[in-house]
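Coordinate inspection notes
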Amino acid sequence: MDAIEVIRAKRDRGELTTAQIDWVIDAYTRGDVADEQMSALAMAILLNGMDRREIADWTQAMIRSGERMEWSALDRPTADKHSTGGVGDKITLPLAPLVAACGAYVPQLSGRGLGHTGGTLDKLESISGWRASLSNAEMLDVLRSAGAVVCAAGSGLAPADKKLYALRDVTGTVESIPLIASSIMSKKIAEGTGSLVLDVKVGSGAFMKTVPAARELAETMVALGTDAGVRTVALMTAMDRPLGRAVGNALEVAESVEVLAGGGPADVVELTVRLAREMLEAAGVTAGKDPEKALEDGSAMDAWRRMISAQGGDPDALLPRAAETMTVEVPESGVLTRLDAYAVGLAAWRLGAGRARKEDPVSFGAGIELHAKPGDLVRAGQPLMTLHADETSRFERALEALDGGYAVGEAAGERLPLVIDRITAP
Ligand code: URA
């Protein structure tokens, strides 16, 4: 078999055989298929698609490129959640300890932010001493002591995806539903969770800008998980505006702690509780504590403190704050009709909360505090948002990103419901 034959087959809109897919993924992982050849194949897939069987084969081949973790030593079911990423999406932080407090183990491998969406590991690293890299034995220890672990995927997990994702990032081939679905699901299946809840974001701040595109991604991922024996369900949720009132690493940790303390913004609490119930149901935990109760009685907060401490973090440490702030005021009185998720995400990124290249550092304190959300009544001159950055020079470019990103009108405009739909296996 050779790479040119495989590329030509997809270029000419053919179906790749199982043998072709197994070969090309294996040869690419070993370095026998060159980056330029894989780029051509990824572009052919982006343009011509893959059918369900091809996507399933592609996913399985990526899983087989590395190790497959398993948690049979644990005495309770495992459940995980994956979000396709958005602005202000800090849900993993309160959710993982909450689900642990309600009776399931949560082994979660997370990523870092790239571009305008934040990464869970960057957020947690703003907690003094917290460590993202754990061995498999350490993961098991943290799971046993805290019930939940959130850490970086080791280099042995789906190495084909690691290589391919880096290549897609620089060749304009990220936005392909078959490639996104197989990339996410290969890692989640290899992680060994028994059940999985997907949070597929829809809107300007998400990968998927429209409901039909998000539905196709959700259905594809649910089918891949189900076929691999992982009980999988997906929620499609709104990302036309930011989630919660904090965007940026340490700001989002602080908001998550508020939720764990029984407060926090209504949308973050609602989505956290809804996803927790979905995870417990998918894991078959029916007799555990209700998530709302676990937020009220402090047991979710206790699990958070155990989880952070078990990974070297100090849950009582003061969070980093940026040196400079700037207030953006409401331009006129009325109803905030729009607060665009992408504009806010891009502004936070320009303030230093995100990175342009994988090796760049992030500023833990940088980001945006939102003082109003779409639908709120606002008065001219009141603070709309506070920008946080380490250098005042960053404010101008952030303000440019926000230009046109919000609007005040007479009546609340159209917005997506927080939970748009629920997708289960057919
Ligand atoms: N996240 C992933 O892990 N892979 C993608 O392709 C897109 C988002």
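This structure is a prediction, so every number in the text was calculated from the model and none was measured.

On to the domain arrangement of the protein chain, then. For an interface, size is often stated in terms of accessible area lost upon the parts coming together. When cut into domains, the protein chain gives domain 1 (3-49), domain 2 (80-316) and domain 3 (324-409). The centre of domain 1, based on its C-alpha atoms, is set 42 Å off from the matching centre of domain 3.

What follows concerns the sheet that holds strand β1 (residues 79-83). With respect to topology, four strands assemble into an open sheet ordered β1-β4-β5-β13, the strand pairing being mixed. The sheet is open, and its two edges are formed by β1 and β13 (419-423), each paired on a single side. Geometrically, the sheet is characterised by an average inter-axis angle of 20° between neighbouring strands, direction not taken into account. The strands touched by helix α12 (residues 266-283) within the sheet are β1, β4 (195-202), β5 (231-238) and β13, with β4 carrying the most contacts at an inclination of about 145°.

Around the ligand, a shell composed of Tyr165, Arg168, Ile180, Ser183, Ile184, Lys187 and Phe207 is seen. At a separation of 2.6 Å, a nitrogen atom of the ligand approaches a polar side-chain atom of serine 183. The separation between an oxygen atom of the ligand and a polar side-chain atom of lysine 187 is 2.5 Å. Summarising the interface, the protein chains cover 89% of the accessible area of the ligand, which totals 240 Å² for the free molecule. Looking at the shell around the ligand element by element, the count peaks at four residues for helix α9 (residues 177-190). Here the shell around the ligand is composed, by residue class, of four nonpolar, one polar and two charged.

As recorded in UniProt, the feature "domain: Pyrimidine nucleoside phosphorylase C-terminal" (unreviewed entry) lies at residues 335-409. Annotated as 28% helix and 29% strand, the span residues 335-409 places its first and last C-alpha atoms 5 Å apart.

Right, let's get into the packing of helix α5 (residues 92-101) against helix α11 (residues 249-260). α11 packs onto α5 with a crossing angle of 35° between their chain directions and a minimal axis gap of 8 Å. The two elements α5 and α11 meet at a crossing, and its hand is right-handed. Of α11, the residues touching α5 (which contributes Leu93, Pro94 and Pro97) are Val253, Ser256, Val259 and Leu260. Per-class residue counts for the contact of α5 with α11 are six nonpolar, one polar and no charged.

A few words on the packing of aromatic side chains. Counted under the stated rule, the structure contains zero aromatic pairs. For the cation-ring pair, lysine 163 lies above tyrosine 28, with the distance from its terminal atom to the ring centre recorded as 4.3 Å. The ring of tyrosine 165 carries lysine 187 above its face, with NZ or CZ at 5.7 Å from the centroid.

By the definition in use, this model includes 30 salt bridges. With its nearest N and O atoms 3.8 Å apart, the salt bridge here joins arginine 422 to glutamate 281. One end of the pair, arginine 422, is in strand β13; the other, glutamate 281, is in helix α12, with 141 residues separating them in the sequence. Ionic pairing is found between arginine 397 and glutamate 400, a salt bridge with its closest N-O pair at 3.6 Å. Of this pair, arginine 397 and glutamate 400 both sit in helix α16 (residues 395-402), three residues apart, roughly one helical turn. The structure contains a network of salt bridges with shared partners spanning Arg112, Asp122, Glu125 and Arg355.

Next up on the list: the environment of methionine 38. Relative to the helices and strands, methionine 38 is located in helix α3 (residues 35-48). On the basis of relative accessibility, which here comes to 1%, the residue methionine 38 falls in the buried class. The sequence separation of methionine 38 and alanine 213 amounts to 175 residues, and the corresponding C-alpha distance is 25 Å. Non-local contacts of methionine 38, meaning those with residues more than four positions away in its chain, are made with Ile25, Tyr28, Val33, Trp58, Leu164 and Leu167.

Across the sheet, which stays open at both edges, the three strands sit in the order β10-β8-β12 with antiparallel pairing between neighbours. For this open sheet the edge positions go to β10 (377-378) and β12 (406-409), each flanked by a neighbour on one side alone. Relative to β12, strand β8 (residues 334-339) runs antiparallel, the two sharing four bridges. In the strand pairing of β12, leucine 336 is matched with valine 408.

Attention now moves to the pairing of strand β11 (residues 383-389). For β11, the buried fraction is high: six of the seven residues fall into the buried class. Here strand β7 (residues 324-329) pairs with β11 via six bridges, running antiparallel. If you follow valine 328 over to β11, its bridge partner there is methionine 385. Relative to β11, strand β9 (residues 367-370) is paired through four bridges, and the arrangement is antiparallel. Within β11, the residue paired with isoleucine 368 across the bridge is leucine 387.

Position of arginine 168 among the secondary structure elements: in helix α8 (residues 159-169). Taking relative accessible area as the criterion, arginine 168 reaches 1% and is therefore assigned buried. A sequence separation of 134 residues divides arginine 168 from aspartate 302, and the C-alpha atoms of the two residues are 40 Å apart. When sequence neighbours within four positions are dropped, the list of residues in contact with arginine 168 reads Thr173, Val174, Leu179, Ile180 and Ser183.

What counts and what doesn't
- Residues numbered from 1 in each chain as written.
- Predicted model: local features only at pLDDT ≥ 70, side-chain atom pairs only at ≥ 80, totals over all residues.
- Heavy atoms only, no water.
- Domains from an automatic or database assignment.
- Pairing = 2+ DSSP bridges.
- Helix = DSSP H or I, 4+ residues; strand = E, 2+ residues; numbered from the N terminus.
- Axes fitted to C-alpha atoms, helices over the stretch in contact; angles between N-to-C directions.
- Contact = heavy atoms within 4.5 Å.
- Near = heavy atom within 4 Å.
- Polar contact = N/O pair within 3.5 Å; in protein donor to acceptor, adjacent residues only side chain to side chain.
- Areas by Shrake-Rupley, 256 points an atom, 1.4 Å probe, with all protein chains shown as cover.
- Nonpolar A, V, L, I, M, F, W, Y, C, P; charged D, E, K, R; others polar.
- UniProt positions renumbered as here; feature names shortened; annotations may be inferred.
- Left-handed = near helix turned anticlockwise from the far one by under 90°.
- Phe/Tyr/Trp six-rings, centres within 6.5 Å; stacked < 30°, edge-to-face > 60°.
- Lys NZ or Arg CZ within 6 Å of the ring centre and 35° of its normal.
- Salt bridge = Lys/Arg side-chain N within 4 Å of Asp/Glu carboxyl O.
- Buried < 20%, exposed > 50% of the residue type's maximum accessible area, 1.4 Å probe, protein only.

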